[in-house]
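# Coordinate inspection notes
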Amino acid sequence: MPRRNAVTWNALIKGYAQAGRREEAILLFRDMKREGSDIAPDRYTFPALLSGIAREGGSGCTQELGGALHAHVIKAGLEKDPFVGASLVSMYAARGTVKDAKVAFDQVGSLDPIVWSSMISAYANCEEEEAALLAFFNMLCQDIKPTQFVYSSVFSVCGRMSKLEMGKQVHGHSLKSNTEEDAAMLNALLSMYSDCGCINDAQKVFSSNDNVNVVSYNSMISALGQHGYPKEAVEHFRQMKLAGLMPDEVTLLSLLSAFNHAGLVHEGLQIFNSMVDIEGIKPTYQHYACIVDMLARSGLIGEAIKTINGMPFEAEAPLWRIVLGACNKHLDIDTGKHIAEMLFEMEPYEATNYILLSNLYARLGKWTEAEKVRNLMDGRGVDKDDAFSWIEMGQRTHIFGVDDRSHPISREIYRNLDSLISNIKVAGYVPDISFAAHNIQRDRKEESLYYHCEKLAFAFGDLAAPSGSTIRIMKNLRVCGDCHCAYKYFSLVTGREIILRDNQRFHHFNRGSCSCGDYW
Ligand SMILES: [Zn+2]
Ligand SMILES: [Zn+2]
């Protein structure tokens with residue numbers, strides 16, 4: 001048999017690894033090492049193997065294998081090679097073990113942009129946002145030029161954290177450093193602006209992109225849907241098809257969710273029902289979930305349940321919870337109670353289920369039943385997720401909990417909120433105490449509503465931001481009905497535009513109304 005050199009070995013290993021045939025790739029690696037002392041694994045061998053493992057995610061077996069390969073890298077004296085190091089970092093990141101990724105990164109100890117890029121994306125993928133930003137700034141301090149990939153990771157981190165100012169600065173930096181913007185980078189930039197509540201800037205990025213692809217359209221359609229512009233989303237969908245680009249599962253999901261956010265049930269169903277015939281795409285669980293959400297929220301709860309029962313998937317608890325949320329909104333206690341009881345069995349430690357049912361009782365004035373559900377929840381030792389809202393001001397993020405008095409200028413904030421509340425009451429705001437779930441006296445109920453976290457965040461923003469300027473606020477849970485109503489009046493009496501991002505969508509409040517048309 002003719003002797004093979006390292007290049008042929010590497011090509012073979014890479015071929016198997018890329019084809020997902022990991023076992024064969026590993027066996028070849030072993031054979032290669034046995035073949036002879038003159039053929040040693042080199043800087044091309046390991047990246048091929050490691051990327052094969054990275055693609056398989058984090059099962060126990062690949063965990064061990066990854067560690068073993070890392071040991072081989074060290075034995076071969078290649079741990080300082082940026083190319084090999086970057087592959088190790090990515091492999092660990094794909095398995096979610098960011099600490100090991102950092103060890104591999106530190107071993108390289110070089111100023112090579114590739115290994116930095118892997119590390120920053122590792123942090124971003126493992127939801128270590130602060131660490132990703134810190135690594136990015138360290139990289140700049142050491143005069144290492146960020147790659148497009150790095151900018152993409154950092155944009156997506158800024159978007160997730162709603163750090164608009166920082167996102168803008170990083171964008172400015174990328175322009176100054178003359179980094180050529182590839183499609184992935186522009187799509188990340190678009191999503192960053194959209195996630196930070198700046199739909200116009202997102203649109204500008206989209207329009208300035210000469211190489212729009214399916215992902216760009218998907219990002220834009222999803223952004224428009226989230227911000228409550230279904231017509232524009234449909235228009236982009238149309239343009240996309242005109243441009244000869246084939247919509248994919250994500251496109252249709254974004255479009256459906258645009259209809260969902262706008263409460264356009266008829267249009268949503270039309271697209272959903274024609275997915276297979278016209279677009280040739282089979283609905284996935286997510287598509288069904290979107291339709292169920294749409295039906296339930298618009299009050300067609302029976303239809304939503306029928307859809308769940310008819311879908312070719314087993315419904316998971318979060319989908320039932322959506323229907324329970326709709327029962328709460330539409331005061332359907334019979335169905336709500338039934339679903340809640342099912343959910344209490346499916347996931348006894350999920351606080352939201354108890355809170356939704358308890359609130360539903362409370363909104364119907366059935367305080368005893370509401371209390372019973374609360375007691376059941378407490379009795380089981382269920383912890384509830386605390387609501388909080390935050391606002392970026394200057395370089396700082398200010399976080400507010402419910403009834404939170406920990407902010408350094410808390411007294412001024414409460415004073416401003418009290419004065420805002422009396423102003424909006426004059427303008428017609430009536431507190432909706434059905435959103436105050438506790439069995440307390442009426443005036444106390446009103447008061448407990450005033451100090452909801454989103455109201456506190458606005459009161460602070462109103463104090464700190466230049467008069468008349470737009471205020472952007474984020475909330476970790478869905479905005480409550482009373483705060484939504486108060487925000488409309490806030491926008492009216494202060495003349496400010498307010499952009500609120502909750503865990504579902506964006507609300508743009510302007511001159512007394514909201515872009516969601518009170519449908520959310
Ligand atoms: Zn509220
Ligand atoms: Zn709204």
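Residues numbered from 1 in each chain as written. Chains lettered and ligands numbered in written order. Predicted model: local features only at pLDDT ≥ 70, side-chain atom pairs only at ≥ 80, totals over all residues. Heavy atoms only, no water.

The name an unreviewed UniProt entry assigns to the protein chain is DYW domain-containing protein, from the organism Oryza brachyantha.

A word on the sheet that holds strand 1 (residues 388-393). In sheet architecture, strand pairing relies on hydrogen bonds along the backbone and comes in two forms, parallel and antiparallel. With mixed pairing, the six strands of this open sheet are ordered in space as 2-1-3-4-5-6. On the outer flanks of this sheet lie strand 2 (396-401) and strand 6 (513-514), each paired with one strand and no other. As defined by bridge partners, strand 3 (residues 471-475) adjoins strand 4 (residues 498-501) across four bridges and the pair is classed as parallel. Residue pairing across strands places M474 opposite R501, the latter belonging to strand 4. (Pairing = 2+ DSSP bridges. Helix = DSSP H or I, 4+ residues; strand = E, 2+ residues; numbered from the N terminus.)

What follows covers the environment of Y354. Looking at the secondary structure, you find Y354 in helix 21 (residues 351-363). For Y354, a relative accessible area of 0% translates into the label buried. Separated by 11 residues in sequence, Y354 and L343 place their C-alpha atoms 9.1 Å apart. Here Y354 is in contact with F344, P348, V373, L376, M377, R380 and V382, once residues within four sequence places are set aside. (Buried < 20%, exposed > 50% of the residue type's maximum accessible area, 1.4 Å probe, protein only. Contact = heavy atoms within 4.5 Å.)

Attention now goes to the coordination of the zinc ion (ligand 2). Looking at the metal site, the zinc ion (ligand 2) is ligated by H484 (NE2), H507 (ND1), C514 (SG) and C516 (SG), spaced 2.0 to 2.3 Å from it. Classification of the site at the zinc ion (ligand 2) as tetrahedral follows from its four donor atoms and the range of 100 to 117° in their angles at the metal. Donor residues for the zinc ion (ligand 2) sit on one chain with the sequence pattern H-x22-H-x6-C-x1-C. Looking at C514, the relative accessible area reads 10%, which means it is buried. (Donors = N, O, S within 2.8 Å, 3.2 Å for Na, K, Ca; no water. Tetrahedral: all angles 85-135°; square planar, octahedral: opposite > 155°, others 65-115°.)

Reported here for the second largest pocket is a volume of approximately 260 Å³. Surrounding the second largest pocket, 15 residues form its lining, L164, E165, E392, T470 and R472 being those nearest its centre. Mapped by element, the contributors of at least two residues to the lining of the second largest pocket are helix 10 (164-176), strand 1 and strand 3. Tallied by class, residues from the lining of the second largest pocket come to seven nonpolar, four polar and four charged. (1 Å grid on protein atoms, 1.4 Å probe; cavity = no way out; pocket = protein on both sides within 12 Å on 5 of 7 lines; lining within 4 Å. Points joined across faces, edges and corners; volume = space filled by probe spheres on them. Nonpolar A, V, L, I, M, F, W, Y, C, P; charged D, E, K, R; others polar.)

Here we come to the coordination of the zinc ion (ligand 1). Looking at the metal site, the zinc ion (ligand 1) is ligated by H452 (ND1), C480 (SG) and C483 (SG), spaced 1.9 to 2.2 Å from it. In primary-sequence terms, the residues that donate to the zinc ion (ligand 1) follow H-x27-C-x2-C. Residue H452 is located in the loop between helix 24 (442-450) and helix 25 (453-464), and its partner C483 is located in helix 26 (residues 481-494); the two are separated by 31 residues in the primary sequence. An identical accessibility class is assigned to H452 and C483; each is buried.

As recorded in UniProt, the feature "repeat: PPR" (unreviewed entry) lies at residues 5-39, 112-146 and 213-247. Measuring from the first to the last C-alpha atom of residues 112-146 gives 10 Å, for a span that is 74% helix and 0% strand. (UniProt positions renumbered as here; feature names shortened; annotations may be inferred.)

Before going further, it helps to spend a moment on the packing of aromatic side chains. Applying the stated rule across the entire model yields 20 aromatic pairs. Judged by centre distance (5.1 Å) and plane angle (90°), the rings of F105 and W116 are edge-to-face. Residue F105 is located in helix 6 (residues 98-108), and its partner W116 is located in helix 7 (residues 113-125); the two are separated by 11 residues in the primary sequence. Each member of the pair, F105 as well as W116, is classed as buried. Ring centres 5.8 Å apart and planes at 55° place the aromatic pair F458 and Y487 in the tilted group. Of this pair, F458 sits in helix 25 while Y487 sits in helix 26, and the two are 29 residues apart along the sequence. Each member of the pair F458 and Y487 is classed as buried. Through a chain of ring-to-ring contacts, three or more aromatic side chains come together here, namely F136, F137, Y151 and F155. Between the NZ or CZ atom of R43 and the centre of the ring of Y44, over which it lies, the distance is 5.5 Å. (Phe/Tyr/Trp six-rings, centres within 6.5 Å; stacked < 30°, edge-to-face > 60°. Lys NZ or Arg CZ within 6 Å of the ring centre and 35° of its normal.)

Another aspect to go through is the environment of A184. Among the structural elements, A184 can be located in helix 11 (residues 183-195). Between the alpha carbons of A184 and N213 there is a distance of 9.5 Å; along the sequence they are 29 residues apart.

For the structure shown, the criterion picks out 15 salt bridges. Salt-bridge contacts for D81 lead to R43; the nearest nitrogen and oxygen are separated by 2.7 Å. Of the two residues, D81 is situated in the loop between helix 4 (60-75) and helix 5 (82-94) and R43 in the loop between helix 2 (22-35) and helix 3 (45-55); the sequence distance between them amounts to 38 residues. Residue classification places R43 among the partly exposed positions, given a relative accessible area of 31%. Of the charged contacts in the structure, one is a salt bridge between E303 and K306, with a shortest N-O distance of 3.4 Å. In this pair, E303 and K306 both sit in helix 18 (residues 301-310), three residues apart, roughly one turn of the helix. Owing to a relative accessible area of 57%, K306 belongs among the exposed residues under this scheme. (Salt bridge = Lys/Arg side-chain N within 4 Å of Asp/Glu carboxyl O.)

This next bit is on empty space enclosed by the protein. As enumerated under the stated definition, the model contains one cavity of 30 Å³ or more in all. Every residue lining the largest cavity is listed: S162, D195, C196, G197, R472, I473, M474, I499, L500, R501 and F506. Elements represented by at least two residues in the lining of the largest cavity include exactly strand 3 and strand 4.

Turning to helix 10, a few remarks are in order. End to end, helix 10 covers 18 Å across 13 residues, agreeing with the expected 18 Å (1.5 Å per residue, within 8%). Within helix 10, the full set of buried residues consists of L164, M166, G167, V170, H171 and S174. With its buried residues spanning 165° around the axis, helix 10 presents them on a single face. Downstream of helix 10 by a residue or two, N178 has a phi angle that is positive, lying close to 55°. (Expected span 1.5 Å × (residues − 1). Arc of directions from axis to C-beta.)

The subject of this paragraph is the packing of helix 23 (residues 410-427) against helix 26. At a minimum axis distance of 9 Å, the contact between helix 23 and helix 26 shows a crossing angle of 90°. Looking at the two axes, helix 23 sits roughly perpendicular to helix 26. Mapping the contact onto sequence places L417, L420, N423, I424 and A427 in helix 23 and A486, Y489, F490, V493 and T494 in helix 26. Tallied by class, residues from the contact of helix 23 with helix 26 come to eight nonpolar, two polar and no charged. (Axes fitted to C-alpha atoms, helices over the stretch in contact; angles between N-to-C directions. Parallel < 35°, antiparallel > 145°, perpendicular 65-115°, else oblique.)

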